[in-house]
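Examination of the molecular architecture
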Amino acid sequence: MAGPEEKSAEVSLPPGLRAVTAGNASPMTGPGTTTYVLGKGSVAVIDPGPDDPRHLRAILAALAPGESVAAILVTHPHLDHSALAPQLRQATGAQVLGFGPPGSGHSPLMRRLAKAGLTGGGEGVDPGFAPDRCLSEGETVDGPGWSLRVLHTPGHMAEHLCFAWGRMLFTGDLVMGWAPSLVSPPDGDMGAYLASLSRIAQQDWQMLLPTHGPPVTDPARRIAELTAHRKGREAQVLKALDRGATTLPEIVAVVYHDLSPALQPAAARNALAHLIDLAERNLVVAEPAPLPAARFRPRRPAP
Ligand SMILES: [Zn+2]
């Protein structure tokens, strides 16, 4: 969402890992969904990708003769990550593992806002996603020669998981290789997103493996960069409010004035996510509630 940060250099994958990129490149998916195939003989597939028969064929073609799929792991139920899961399950017999159906991880705040009428921005939630087995924080999924530890990392989506493979981390859409992620309430939550970034920043990762864009070989720098980007946007939102913007469209026009039209709707969702987070932290007043049609103003310290 924040302008071009594409990296063209080829980064080679660690031994034991294969990648198959789907043909769904777009302003929101960058170079397209990368499906990872981990292990040898009996493999894990991470983020099967969009419902596209060509991509299904490409994943199956990436398997060696006699190789089988032990598990299909889904970082979160967005269509470009999870939609192919039922077809891949059918083709391989493997179980689909993920946090749960969309909405199952909503925080009390997001449940309250959803009840008050807040709906998503049409960012491709997979309404039918239903894992065969729900994963939770801290558990491991093992196969011959590989082991994945589950990290619950809400923010881009409440049901978002990352998978740690030794000092490598499959980051789904928490950290993308080419641009900052969309955070669109009520599925997305800016406070949770920043907390998840801060959490993964505490570990010394060797490499991050995003579902969009190339592997990140300097994890600490990339995580710091994404955190700083969000903090910068937050400061811009507060400044826009200080200068008299009161509605979401007014705030977006100020903060994202240089963004291409194709990305403006997503930018408005990110701005709303910041405003909800700021209201929750008592830095902004939203009347009648932090919803897209609200009027926003900075909370002035008491005289
Ligand atoms: Zn996503």
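Residues numbered from 1 in each chain as written. Predicted model: local features only at pLDDT ≥ 70, side-chain atom pairs only at ≥ 80, totals over all residues. Heavy atoms only, no water.

Points about the sheet that holds strand E3 (residues 42-46)
Stated precisely, the cut-off is as follows: Note on pairing: DSSP must find at least two bridges between two strands before they are called paired. Per the convention used, a helix needs a DSSP run of H or I reaching at least four residues, while a strand needs a run of E reaching at least two, with both numbered from the N terminus. In what follows, a contact means two residues having at least one pair of non-hydrogen atoms within 4.5 Å. Whenever a helix is involved, its axis is fitted only over the stretch in contact; in every case the axis is a line through C-alpha atoms, and angles between N-to-C directions fall within 0 to 180 degrees.
Strand order in the open sheet formed by six strands is E1-E2-E3-E4-E5-E6, with mixed pairing between adjacent strands. For this open sheet the edge positions go to strand E1 (17-21) and strand E6 (133-134), each flanked by a neighbour on one side alone. Summarising the sheet, strand E5 (residues 95-98) and E6 pair through two bridges and their orientation is parallel. From the neighbouring strand, Gly98 faces E6, where its bridge partner is Cys134. The strands that helix H1 (residues 53-62) touches are E1 and strand E2 (34-38); relative to E1, the one it contacts most, it runs at about 160 degrees.

Considerations on the sheet that holds strand E8 (residues 146-152)
One open sheet accounts for five strands, arranged E7-E8-E9-E10-E11; its pairing is mixed. The sheet is open, and its two borders are formed by strand E7 (140-143) and strand E11 (207-210), each paired with just one other strand. Within this sheet the neighbouring strands show an average axis-to-axis angle of 25 degrees, counted without direction. Note that E8 and strand E9 (residues 161-165) share four bridges and pair antiparallel. Opposite Leu151, over in E9, you have Cys162 as the bridge partner.

A word on H1
We count it as follows: Relative accessibility decides the category of a residue: with a 1.4 Å probe and only protein chains considered, values under 20% of the type maximum give buried, values over 50% give exposed, and everything between is partly exposed. Relevant arc is that of directions from the helix axis to the C-beta atoms, nothing else. Pairs of N or O atoms are called polar contacts if they sit within 3.5 Å, as long as, within protein, a hydrogen donor faces a hydrogen acceptor (for residues adjacent in sequence, only side-chain-to-side-chain pairs).
Residues His55, Leu56 and Ile59 constitute the buried set of H1. Looking straight down H1, one finds that the buried residues subtend no more than 105 degrees of arc, so they occupy a single side. Exposed and oriented more than 90 degrees from the buried face of H1 are Pro53, Arg54, Arg57 and Ala61. Backbone nitrogen of Arg54 and a side-chain oxygen of the N-cap are separated by 2.8 Å at the start of H1; the cap is Asp52.

Topic: the pairing of E3
Let me state the cut-off plainly: Orient the strands so they point away from the viewer; a crossover is then right-handed if the path from the first strand over the helix to the second runs clockwise.
Burial analysis of E3 places five of its five residues in the buried class, the great majority of the element. Going residue by residue along E3, you find Ser42, Ala44 and Ile46 tucked away on one face and Val43 and Val45 tucked away on the opposite face as well. The sheet contact formed by E2 and E3 spans three bridges and is antiparallel. Following the sheet pairing, Val37 is matched in E3 by Val45. The parallel pair E3 and strand E4 (residues 68-73), bridged by H1, forms a crossover whose chirality is right-handed.

So, the coordination of the zinc ion
Note the cut-off: Listed donors are limited to N, O and S atoms within 2.8 Å of the metal, widened to 3.2 Å for Na, K and Ca; water is not among them, so incomplete-looking sites are possible. In short, tetrahedral needs four donors with all angles between 85 and 135 degrees, square planar needs four and octahedral six donors with opposite donors over 155 degrees apart and all other angles between 65 and 115, and whatever is left is irregular.
His76 (NE2), His78 (ND1), His156 (NE2) and Asp173 (OD) make up the full set of protein donors to the zinc ion, lying at 2.1 to 2.2 Å. Angles of 92 to 168 degrees at the metal separate the four donor atoms of the zinc ion, which places the site in the irregular class. In primary-sequence terms, the residues that donate to the zinc ion follow H-x1-H-x77-H-x16-D. His76 gets classed as buried once you look at its relative accessible area, which sits at 1%. Exposure remark for His78: the relative accessible area of 5% places this residue in the buried category.

Details of the pattern of salt bridges
In plain terms, the rule: Salt bridge, as applied in this entry: a Lys or Arg side-chain nitrogen positioned within 4 Å of an Asp or Glu carboxyl oxygen.
Tallying each qualifying case throughout the model produces 13 salt bridges. Glu139 is paired through a salt bridge with Arg133; the nearest N and O atoms lie 3.0 Å apart. Of the charged contacts in the structure, one is a salt bridge between Glu287 and Arg297, with a shortest N-O distance of 3.2 Å. Here the residue Glu287 occupies a position in strand E12 (residues 284-287), and Arg297 occupies one in strand E13 (residues 295-298), the gap between them amounting to ten residues.

Details of the nonpolar core
The line we're drawing: In this text, buried Ala, Val, Leu, Ile, Met, Phe, Trp, Tyr and Cys residues form a nonpolar core when linked through side-chain atoms within 4.5 Å. By convention here, the domain bounds are inherited from an automatic or database domain assignment.
Core analysis: the largest hydrophobic core is formed by 26 residues, its most contacted members being Ile251, Leu275 and Phe296. Elements supplying a minimum of two residues to this core: helix H4 (108-115), helix H6 (219-242), helix H7 (248-255), helix H8 (264-280) and E12. It is H8 that provides the largest number of residues to this core, a total of six residues. The residues that make up this core include at least three from each of domain 1 (17-217) and domain 2 (231-298). Discounting chain neighbours no more than four positions away, the residues touching Leu275 are Val237, Leu241, Leu248, Ile251, Val284 and Phe296. Of all hydrophobic cores here, the second largest spans 20 residues; its members include Leu73, Val150, Met207 and Leu209.

Quick word on H4
Listed in full, the buried residues belonging to H4 are Leu109, Met110 and Leu113. Buried residues of H4, viewed axially, fall in a sector of 90 degrees; they line one side. When the buried face of H4 is taken as reference, the exposed residues oriented beyond 90 degrees from it are Pro108, Arg112 and Lys115. Contact partners of the buried residues in H4: H8. Looking one or two places after H4, you find Gly117, whose phi comes out positive at around 115 degrees.

Overview of unusual backbone geometry
Here Pro185 and Pro186 are connected by a cis peptide whose omega angle stands at 5 degrees. Checked against the element boundaries, Pro186 lands in the loop between strand E10 (168-172) and helix H5 (190-201). Here the amide bond leading from Glu287 into Pro288 is cis, since omega sits at 0 degrees, within 30 degrees of zero. Checked against the element boundaries, Pro288 lands in the loop between E12 and E13. Although it is not a glycine, Asp47 adopts a positive phi angle of roughly 60 degrees. Within the secondary structure, Asp47 is located in the loop between E3 and H1.

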